[in-house]
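Listed below are the residues making up each chain.
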Amino acid sequence: MDYSPKTFNIPTLDGISQKSIEEHLGLYQGYVKNFNAISKKLIEYAADTEANAHALSELVRRRSFEFGGMRLHELYFAQFEGGAKSLATDSPLAKQIQAEYREHFEAYFKAIASMRGPGWALLYWDPVAKQFLAGFSGEQHQGHFVTLPIILALDVWEHAFLLDYGAQGKGKYIDAFFKNLNWGVVEERFAALQN
Ligand SMILES: [Fe+2]
């Protein structure tokens, strides 16, 4: 089954240009396209796994990169929909953040996002331990806490900020991300995981 790129209703953002978002959405669509193309190739290669062993092994590795790029960008762009909204201090999400990180969450998450190398700062919810795990995924598919759902996704590849802030502008871009973040989306993701 082919995956279809999603569309997002993203308002004008403060500090992240429309041009940057448009180009970024194009990259996202590329992940979907490549995931579909690799999936088709793998079906072809499955017909003769011996003859295609090397190609098959490389594409299997590559496909999780494309899948990660697809799903992480879907989480990312959705967080701008509806416009900036601050975290409601009396929400279950805010209470859990306060319990685990006190007032340090944003600084901690920004420090993770500022790590060198392409990737993502991600906040996961562990439903077993009932706690957050904040982490960094290199590229799109490495370093994940397997099986854990992601409730906050911050893209820190250079393509996310190069156009607006230049190669050394990651810090300014991270600030802009939080300025435009709709915390309501994150609250809904968190609420959906409680039972
Ligand atoms: Fe990206």
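Now for a look at the structure at hand. (Residues numbered from 1 in each chain as written. Predicted model: local features only at pLDDT ≥ 70, side-chain atom pairs only at ≥ 80, totals over all residues. Heavy atoms only, no water.)

### Quick look at the packing of helix H4 (residues 105-113) against helix H6 (residues 170-180)
Thinking step 1. The N-to-C vectors of H4 and H6 enclose an angle of 135°; their axes lie 10 Å apart at closest approach. As the angle between them shows, H4 and H6 are arranged oblique. Relative to H6, H4 is oriented so that their crossing is right-handed. Taking contact as the criterion, the partners of Glu106, Phe109, Lys110 and Ala113 in H4 are, on H6, Lys170, Ile174, Asp175 and Phe178.
Thinking step 2. Counted by class, the contact of H4 with H6 contains four nonpolar, no polar and four charged residues. (Axes fitted to C-alpha atoms, helices over the stretch in contact; angles between N-to-C directions. Helix = DSSP H or I, 4+ residues; strand = E, 2+ residues; numbered from the N terminus. Parallel < 35°, antiparallel > 145°, perpendicular 65-115°, else oblique. Left-handed = near helix turned anticlockwise from the far one by under 90°. Contact = heavy atoms within 4.5 Å. Nonpolar A, V, L, I, M, F, W, Y, C, P; charged D, E, K, R; others polar.)

### Observations concerning helix H3 (residues 92-101)
Given 3.6 residues per helical turn, the α-helix brings residues three or four places apart onto the same face.
Thinking step 1. Considered for burial, the residues of H3 that qualify are Leu93, Ala94, Ile97 and Tyr101. On an axial view of H3, the arc spanned by its buried residues comes to 95°, and they lie on one face. Those residues of H3 that are exposed and angled more than 90 degrees off the buried face are Pro92, Lys95 and Ala99.
Thinking step 2. Of the surrounding elements, those touching the buried residues of H3 are H4, strand S1 (119-126), strand S2 (131-138), strand S3 (150-155) and helix H7 (183-192). (Buried < 20%, exposed > 50% of the residue type's maximum accessible area, 1.4 Å probe, protein only. Arc of directions from axis to C-beta.)

### Details of the nonpolar core
Thinking step 1. Core analysis: the biggest nonpolar cluster contains 52 residues, and Phe109, Leu123, Phe132, Leu152, Leu154, Tyr173 and Trp183 have the highest contact counts within it.
Thinking step 2. Not counting residues within four places of it along the chain, the set of residues in contact with Leu154 comprises Tyr76, Phe109, Ala113, Gly119, Trp120, Ala121, Tyr173, Ile174, Phe177 and Phe178. (Core = buried A, V, L, I, M, F, W, Y, C linked by side-chain atoms within 4.5 Å.)

### Remarks on the sheet that holds S3
Thinking step 1. The strand order across the open sheet formed by three strands is S2-S1-S3, and the pairing between neighbours is antiparallel. Two strands lie at the open edges of the sheet, namely S2 and S3, each paired on one side alone. Averaged over all neighbouring strand pairs, the angle between strand axes comes to 15°, with direction disregarded.
Thinking step 2. Of the pairings in the sheet, the one linking S1 to S2 comprises eight bridges and is antiparallel in character. Its bridge partner being in S2, Trp120 is matched across the sheet by Ser137. (Pairing = 2+ DSSP bridges.)

### Brief notes about the environment of Tyr76
Thinking step 1. Structurally, Tyr76 is set in helix H2 (residues 53-78).
Thinking step 2. Along the primary structure Tyr76 and Arg116 are separated by 40 residues, whereas in three dimensions their C-alpha atoms are 20 Å apart.
Thinking step 3. The contact partners of Tyr76, leaving out residues within four places of it in the chain, are His24, Trp120, Ala153, Leu154, Asp155, Tyr173 and Phe177.

### Notes on the coordination of the iron ion
Thinking step 1. Protein-derived ligands of the iron ion are His24 (NE2), His73 (NE2), Asp155 (OD) and His159 (NE2), with the metal-ligand distances lying across 1.9 to 2.1 Å.
Thinking step 2. Here the iron ion is ringed by four donor atoms whose angles at the metal span 87 to 139°, and the overall shape comes out irregular. (Donors = N, O, S within 2.8 Å, 3.2 Å for Na, K, Ca; no water. Tetrahedral: all angles 85-135°; square planar, octahedral: opposite > 155°, others 65-115°.)

### Side note on the side chain of Ser91
Thinking step 1. Mapped onto the fold, Ser91 is located in the loop between H2 and H3.
Thinking step 2. What makes Ser91 buried here is its relative accessible area of 8%.

### Some words on the side chain of Asp126
Thinking step 1. Mapped onto the elements, Asp126 comes out in strand S1.
Thinking step 2. For the buried residue Asp126, which engages in no salt bridge, the nearest side chain bearing the opposite charge is Lys130, 8.2 Å off.
Thinking step 3. The contact partners of Asp126, leaving out residues within four places of it in the chain, are Gln131 and Leu148. (Lys, Arg positive; Asp, Glu negative; His and termini not counted. Salt bridge = Lys/Arg side-chain N within 4 Å of Asp/Glu carboxyl O.)

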